[in-house]
Amino acid sequence: QQQQQQQQNQDHKQQQDHQEEHQKKPSPMLLCLSGASHAILYVSMLLECLGKALISAMHLYPIWCVAVILSVALLVHSPGLSYGDFVMDDTVAVVKNSDVTGAAFSWRQLMRHDFWGSDMFTEGVWTHKSFRPFTTLSYRFNYLLSGIDTTAFHATNVLLHLPVVLLVAVACYSVLGLGRVQSLIAAGLFAVHPVHTENVFYLVGRADILAAIPFVMAIIDYAAAFSPFFRPVGDLLAGQMQPLAVLCDLLMDGKRRRKPSKGEEGDGTGPGEAVAWSEEARGGHHARGSEGGGWSDASLRDGAVAMLRLVIWATLAGLCKEIGFTVYGIIFLLEALTLHHHIMQIVHTPTAPPAAAATKTHCLKSALRLLIVATLTAFTFVARHRYTGGTTLKMSPQDNPISFEPLFKTRALSFAYIHSVYGRLLVWPFFLCYDYSKEAIPMVRSFGDMRLLAPLACYLSLASACVWGLVTLLTTRRERHGEGRAVAMGLALLVVPFLPASNVLFHVGTVVGERLLYLPSIGFCVMVPCVVATIVKRSESMRSSGNGNGSKGERGGHRLACLMVLVCGVTVAVWGYRSYLRALTWESGARLNIVDGLRQLRSAKTQFNLGITYMMAQQFDMAREALQRSISADPESVLPYWRLGQMCIFQGNFSDAENWLGEARSKYGGTFVVRDEEVFHDYAVALHHNGKPQEAVENLQLALKLNPNFAKGLNNLACATVQKDIRTALDYVKKAVESSPHQILYWANLHLLARHTGEKHLADMALQSAQQLDLGFTAQSTCVWQFEPAE
């Protein structure tokens, strides 16, 4: 009995322990809710950071100033708010993309598809390897809200550009240390830069705009957590900004030559001086929790959370467009500048032992963060490479002909010249075009080509800026370190995001793309006020030392500052007007094809699209000239030969049609754009009308081998063989009806052939189906061919 009692007690205790463990263990539902709550927490945290950054612009400038810059950006791009046309690749990325317009949405399919909706993991399927699920999701949201209405898509692009403008202003002031007016100049130039029109009005360009928001936010957020020269915007009162009074002071290192007012004596951080290049001239930097506190648990926790936010921002940017991952390079440089700052403090500033120990701790923490950022960078690029299966694109010579050039010297010189073309688009953005392929930019094949002066000037300018930044960073005059940091960050923002498009690391699927400059243009717009401020300061210094009279040098510097600001203002106005004119060009695909086709006469693509536009308008002579120019620029492309042959069929000139389509047929498999069965089919139509029925049948059979469900080819093959074998012809028409049951012509031919073969029931059914599609349908007496050009 005692043993039985003990056994019962043990069983009871085990049962209680099991119940307690079961109660402690959360259910799957609770785990899901916990994961969702954490996700919501992180999303809300990111939205809060973004909201604070945008609200910072309201603190940085008076409300009227923010309203003016946003109104200018909106006015310049306002035509896009009412546009209602899909242009070029918009159709592929949006309309034909099942992830956007599909009846059912699948997260699994979204993660398997590239930007164009092609499966990245199916063998034999062509894929662009551009994995941008968040951009595709934005199209999906547009589709769910407004259907396929293109006006909503275009309006979204225009509106997304506005927060980027504000974030650029905040980043220039808070992270780069520029003055308020300098930051305003950079944001104004960015807001109206004509090269951005392709991003704003071309729906495919939304990827760059979306990537820019988390890209800039990652820089602001990281600097706010770790950078000793981060300038919190909230410390300034917007009401203190008097543009006319402080304009020159902001551009000349914030030094106001006036008697300090009461309450400012000995402070050195008045409104005019709060915008100096360096934190030393501002009277010290803002101390954040992650920079202070040594190696405390709170400091490490805050640093880990900030690093997590960096990873999230960078991932968001990279999944909007691949270029977003380059933000790690910017962060790496920002951390390197932080480490340089602490080292310079140790070397050049003798301090007491406690302060020296704190500075060494900051150095160690900065070096550790540098290592973490480098590790994150390597891990991110390796992970993306493994997920998408590499970065090699299946391109054609029409996409990037330079990459197919066998001679290394020609490739290197040609790509160098392409870099200068990008530079020209940033500095002088007045010749704009949606395409620069093939003979639009002829290859550079020798060092004697005078065009190489352009990349030489471009590289020398970048080298000069690098020297400028290094000299100012390494000088013993610490008040100039802020200038060096701003120049270094501006150069990084220009060069690092451009590297993926430069064809240096790997070849990309385009020669020149204006939309690829959206992120690099931030760096260019930052460099402009840097150069302006430096010119003003050097001029003031030279005048003061030359005249021996500080007041004269000061007045001359003020006049030059006003002149430089006036030049920047005029530049913003001129660029804004150019952007507005370019915006009108993007009204529709037809207008864009005509304007750019007449501007870029040596591009095979622009001339082909111009020819198609004229062809659709039945202006056949002008269409023929444009298509022949396209052939001259790219003789290997099937498309212009094919369209010329179709146009000749339209005009009843079947002899010329046979010649053009025969040329197209001889280039079988020469392009990714046209379906080859269409070429064989149209060639068969020309042969049939030229009295060559056997050859026509052979080409129709080849077309059906390429696409067995090619309804148009099935119908026409039935008509071509009806005289020899009506039963076989009837089978072809049946298959055509199955492939395309909404085409009344196929039902009419089926009714005709079924009647002649004595299949009354089939003939009656075909007649009823045809009459349902067209109440006025009447039976026909001959088998009718179909000729409709493919889109």
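Computed from a predicted structure; not experimentally measured.

Asks: I'm lost on the nonpolar core in this one. Help?
Replies: Nonpolar side chains tend to gather and get buried jointly when the protein is soluble and globular. If you look at the biggest cluster of nonpolar residues, it comprises 132 residues, and the most contacted ones within it are Val175, Phe215, Ile219 and Val512. At 15 residues, helix α11 (residues 206-226) tops the list of elements feeding residues into this core. Apart from residues no more than four positions distant in its own chain, Val175 is found in contact with Val170, Ile219, Ile220, Ala223, Phe230, Leu334 and Met489. Counting residues in hydrophobic clusters, the runner-up holds 62 residues, among them Ala623, Val685, Ala718 and Leu752.

Asks: Would you explain the packing of helix α26 (residues 676-689) against helix α27 (residues 693-706) in this entry?
Replies: Helix-helix packing is described using two parameters, namely the angle between the two axes and the distance between the axes. Taken N-terminus to C-terminus, the directions of α26 and α27 make an angle of 165 degrees; their axes are 8 Å apart at the nearest point. Overall, the two elements α26 and α27 adopt an arrangement that is roughly antiparallel. Between α26 and α27 lies a crossing whose hand is left-handed. Contacts between α26 and α27 pair Asp676, Glu677, Phe680, His681, Tyr683, Ala684, Leu687 and His688 from the former with Glu695, Ala696, Asn699, Leu700, Leu702, Ala703 and Leu706 from the latter. When the residues that make up the contact of α26 with α27 are grouped by side-chain class, the tally is nine nonpolar, three polar and three charged.

Asks: I keep staring at helix α29 (residues 726-739) and nothing clicks. Help me out?
Replies: An α-helix turns once per 3.6 residues; consequently, residues spaced three or four apart project the same way. With 14 residues, α29 ought to run about 20 Å at 1.5 Å a step, and its terminal C-alpha atoms sit 20 Å apart, in line with that. Buried within α29 we find Ala729, Leu730, Tyr732, Val733, Ala736 and Val737. Within α29, the buried residues cover an arc of 160 degrees as seen down the axis, which keeps them to one side. Where the residues of α29 are buried, they touch α28 (711-721), α30 (744-756) and α31 (760-773).

Asks: Sorry, what's going on with the state of the cysteines here?
Replies: A disulfide bridge is the covalent bond that connects two cysteines by way of their sulfur atoms. According to the stated counting rule, one finds one disulfide in the structure shown. Summary of cysteine pairing: Cys530 is not part of a disulfide, and the nearest cysteine sulfur, belonging to Cys172, is at 8.0 Å.

Asks: Can you walk me through a nonpolar patch on the surface in this structure?
Replies: Together, Val495, Leu499, Val504, Leu505 and Phe506 make up a nonpolar patch on the protein surface, roughly 410 Å² of accessible area in all. Following the sequence through the fold, Phe506 ends up in the loop between α18 (481-495) and α19 (520-547).

Asks: Before we go on, may I ask you to explain the pattern of salt bridges in this structure?
Replies: A pair can form between side chains of opposite charge whenever their charged atoms are brought close. One pass over the full model with this rule turns up 17 salt bridges. Residue Arg309 pairs with Asp221 through a salt bridge whose shortest N-O separation is 2.7 Å. Residue Arg309 is located in helix α13 (residues 297-320), and its partner Asp221 is located in helix α11; the two are separated by 88 residues in the primary sequence. For Asp621, the salt bridge goes to Arg624, with nearest N and O atoms at 3.3 Å. Taken as a pair, Asp621 and Arg624 lie in helix α23 (residues 620-633) at a separation of three residues, close to a single helical turn. For Asp621, a relative accessible area of 54% translates into the label exposed. A single network of salt bridges, built from pairs that share partners, joins Arg132, Glu322 and Arg384.

Asks: How should α18 be read in this particular structure?
Replies: For α18, which comprises 15 residues, the first-to-last C-alpha distance of 21 Å matches the rise-based estimate of 21 Å (1.5 Å per residue) to within 8%. Burial analysis of α18 places 14 of its 15 residues in the buried class, the great majority of the element.

Asks: Which parts of the structure should I look at to understand the packing of aromatic side chains?
Replies: Pairs of aromatic rings are described using the distance from one ring centre to the other and the angle between the two planes. A full pass over the atoms with the stated rule returns 15 aromatic pairs. Both rings, one in Phe190 and one in Tyr518, keep their centres 5.2 Å apart while their planes meet at 70 degrees; by these two values the pair is edge-to-face. Of this pair, Phe190 sits in helix α9 (residues 180-192) while Tyr518 is found in the loop between α18 and α19, placing the two residues 328 residues apart along the sequence. As far as the burial class goes, Phe190 and Tyr518 line up, both buried. Ring centres of Phe325 and Phe381 lie 6.3 Å apart, and the angle between their planes is 65 degrees; this geometry places the pair in the edge-to-face category. Separated by 56 residues along the polypeptide, Phe325 in the loop between α13 and α14 (327-348) and Phe381 in helix α15 (residues 353-388) bring together distant segments of the chain. Taken together, the ring pairs in this structure connect Phe115, Trp116 and Tyr139 into an aromatic cluster. One residue, Arg451, lies across the ring of Tyr417, its end atom 5.0 Å from the ring centre. The lysine or arginine in question, Arg643, covers the ring of Trp642, its NZ or CZ lying 4.4 Å from the ring centre.

Cut-off values and rules
Residues numbered from 1 in each chain as written. Predicted model: local features only at pLDDT ≥ 70, side-chain atom pairs only at ≥ 80, totals over all residues. Heavy atoms only, no water. Core = buried A, V, L, I, M, F, W, Y, C linked by side-chain atoms within 4.5 Å. Buried < 20%, exposed > 50% of the residue type's maximum accessible area, 1.4 Å probe, protein only. Helix = DSSP H or I, 4+ residues; strand = E, 2+ residues; numbered from the N terminus. Contact = heavy atoms within 4.5 Å. Axes fitted to C-alpha atoms, helices over the stretch in contact; angles between N-to-C directions. Parallel < 35°, antiparallel > 145°, perpendicular 65-115°, else oblique. Left-handed = near helix turned anticlockwise from the far one by under 90°. Nonpolar A, V, L, I, M, F, W, Y, C, P; charged D, E, K, R; others polar. Expected span 1.5 Å × (residues − 1). Arc of directions from axis to C-beta. Disulfide = S-S within 2.5 Å. Patch = residues over 30% accessible without salt bridge, like charges linked within 9 Å, V, L, I, M, F, W, Y side chains within 5 Å. Areas by Shrake-Rupley, 256 points an atom, 1.4 Å probe, with all protein chains shown as cover. Salt bridge = Lys/Arg side-chain N within 4 Å of Asp/Glu carboxyl O. Phe/Tyr/Trp six-rings, centres within 6.5 Å; stacked < 30°, edge-to-face > 60°. Lys NZ or Arg CZ within 6 Å of the ring centre and 35° of its normal.

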